[in-house]
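The lines below spell out each chain.
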Amino acid sequence: MRINAVNTFQRKPYMPKTASAAPDCTRVPNFGSCAREIYKNHKTGEFVAFEPGVRISRDNKFLYSNYTYFMRDDVPFRHTGWEGFIKLIDREFQNADKVNVYDFGCSDGSEAYSLALTLIETLGEEKAQKFFPIKASDIDEGILDMARNGEICCTSKDKHVLDRCTKYNLSKYFDISDAPPIVGTLPRYTLRPKDILKNAVTFEKKVFPDALNEIEPENSLVLCRNFWPYMSDSGRSAAIDKLKSKLGESSRFVIGDFDYNNFETIFSDKAFKEIHFNFYKVNKNLSA
């Protein structure tokens, strides 16, 4: 099967209102790990791959994006990659016996699994246990099914990064198979997480920012990355207020470049203290 890859919109600096190729296309169900990206054009009979993770409504309106990938490179201590990020959180939570980890807007699980994998690789399986289970959540039940079922699509570039992270022992964490090729893109693979990862992450449908009500105030690591620009003004305001009220002195939260580049001002609030790039705590003396 030949699938044509098309970029239906520009994601920067802000989200689009429509996906122009959508009217003649219908999403193809049950297309393996690519089910959320592949559409069929009924006029031409061609299969079309929209930009990864695009969500559109029946009336051709852009909803949101589930675009993500393994080992996303905008974590704190990016010059040393995810290993540096793990060392940072290990230091920040060195006195905690248990760390509550939340990954909001988790998409297909790539980020949650990346975090679990690098925690094990960097700290060792026994020491990493205090960060598990990672509680991952998303609003999209379809993408959560992919995460729960353990079928995640990645490119050869993603696989190379994972190989290096695992010291070329990727099979310890995933069963790997070839994914259907898409014309004009890198080779693709389907990764099926093994129990060592699946037991480290839970997936549940939750609506952000309402889900912030459930987090533990102390010794919590909250990942809410790369979706703030998709929220309404009122939604962002509510989320900021909840972060200020819910997080205690020992908790930390992490954002991404997409958030910082579009809404730097909300994270320069005096109630937030930037510990490292994209890594914050709440200053309780100023957040009331």
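Notes on the structure in this doc start here. (Residues numbered from 1 in each chain as written. Predicted model: local features only at pLDDT ≥ 70, side-chain atom pairs only at ≥ 80, totals over all residues. Heavy atoms only, no water.)

Here we come to the overall build of the chain. Summing up its helical and strand segments, the chain has 9 helices and 16 strands in all. Sorting the 288 residues of the chain into buried and exposed places 53% on the buried side. Taking the contacts inside the chain whose residues are at least 6 apart along the sequence as the reference set, 70% of them involve residues at least 24 apart. Carbon and sulfur atoms form 48% of the exposed surface of the chain, whose accessible area is close to 13,600 Å². (Helix = DSSP H or I, 4+ residues; strand = E, 2+ residues; numbered from the N terminus. Buried < 20%, exposed > 50% of the residue type's maximum accessible area, 1.4 Å probe, protein only. Contact = heavy atoms within 4.5 Å. Areas by Shrake-Rupley, 256 points an atom, 1.4 Å probe, with all protein chains shown as cover.)

The subject of this paragraph is the sheet that holds strand S11 (residues 188-193). The 3 strands are arranged S9-S11-S10 in an open sheet whose pairing can be described as antiparallel. Where the open sheet ends on each side, the last strands, each with one partner, are strand S9 (152-155) and strand S10 (174-178). Recorded for the sheet is a direction-independent mean angle of 35 degrees between the axes of neighbouring strands. On top of the sheet, helix H5 (residues 156-165) reaches S9, S10 and S11; it is set at about 95 degrees to S9, its chief contact. (Pairing = 2+ DSSP bridges. Axes fitted to C-alpha atoms, helices over the stretch in contact; angles between N-to-C directions.)

This part is about the pairing of strand S16 (residues 279-282). Both faces of S16 are covered, namely the face carrying Phe 279 and Lys 281 and the face carrying Tyr 280 and Val 282. Pairing of strand S14 (residues 252-254) with S16, which is carried by 2 bridges, proceeds in the antiparallel orientation. Bridging from a neighbouring strand, Phe 253 pairs with Tyr 280 of S16. Here strand S15 (residues 272-276) runs beside S16; their pairing, made up of 4 bridges, is antiparallel. Note that in S16 the partner of Glu 274 across the bridge is Tyr 280.

The complete set of buried residues in H5 reads Asp 158, Lys 159, Leu 162, Asp 163 and Cys 165. Buried positions in H5, seen along its axis, are confined to an arc of 160 degrees and lie on one side of it. In H5, the exposed positions angled more than 90 degrees off the buried face are occupied by Lys 157 and Arg 164. Buried residues in H5 make contact with helix H2 (110-123), S9, S10 and S11. A positive phi of about 55 degrees marks Lys 167, the residue just after H5. (Arc of directions from axis to C-beta.)

In this section: the side chain of Ser 110. Looking at the element boundaries, Ser 110 is found in helix H2. Separated by 2.7 Å, the side chains of Ser 110 and Asp 108 make a polar contact. (Polar contact = N/O pair within 3.5 Å; in protein donor to acceptor, adjacent residues only side chain to side chain.)

A separate point is the nonpolar core. If you look at the biggest cluster of nonpolar residues, it comprises 41 residues, and the most contacted ones within it are Ile 89, Leu 115, Leu 119, Phe 131, Phe 132, Val 201 and Leu 221. Sorting the residues of this core by element identifies helix H1 (81-92), H2, strand S8 (134-138), helix H4 (141-149), S9, H5, strand S12 (201-205) and strand S13 (220-224) as the ones contributing at least two each. Sort the elements by how many residues they give to this core and H2 lands first, with 8 residues. What Ile 89 contacts, discounting residues up to four positions off in sequence, is Leu 115, Leu 119, Phe 131, Leu 221 and Phe 279. In this structure, Leu 212, Ala 239, Ile 240 and Phe 272 belong to the second largest nonpolar core, which totals 24 residues. (Core = buried A, V, L, I, M, F, W, Y, C linked by side-chain atoms within 4.5 Å.)

Right, let's talk about the pattern of salt bridges for a bit. Counted by the stated rule, this structure contains 13 salt bridges. Asp 163 is the partner of Lys 159 in a salt bridge, and the nearest nitrogen-oxygen pair spans 3.3 Å. Residue Lys 159 and its partner Asp 163 are located together in helix H5, separated by 4 residues, close to a single helical turn. In this structure, Lys 159 and Asp 163 share a single accessibility class: buried. Each of Glu 141, Asp 145 and Arg 148 takes part in one network of salt bridges that share partners. (Salt bridge = Lys/Arg side-chain N within 4 Å of Asp/Glu carboxyl O.)

Looking now at the sheet that holds S12. One open sheet holds the 7 strands; their spatial order is S12-S8-S7-S13-S14-S16-S15, and the pairing between them is mixed. Each end of this open sheet is capped by a strand with a single partner; those strands are S12 and S15. The mean inter-strand angle of the sheet, taken between neighbouring strand axes irrespective of direction, is 25 degrees. Relative to S12, S8 runs parallel, the two sharing 5 bridges. Counted as the bridge partner of Asp 138 is Lys 205 from S12. Contacting S13, S14, S15 and S16, H1 runs over the sheet at an angle of about 20 degrees to S16.

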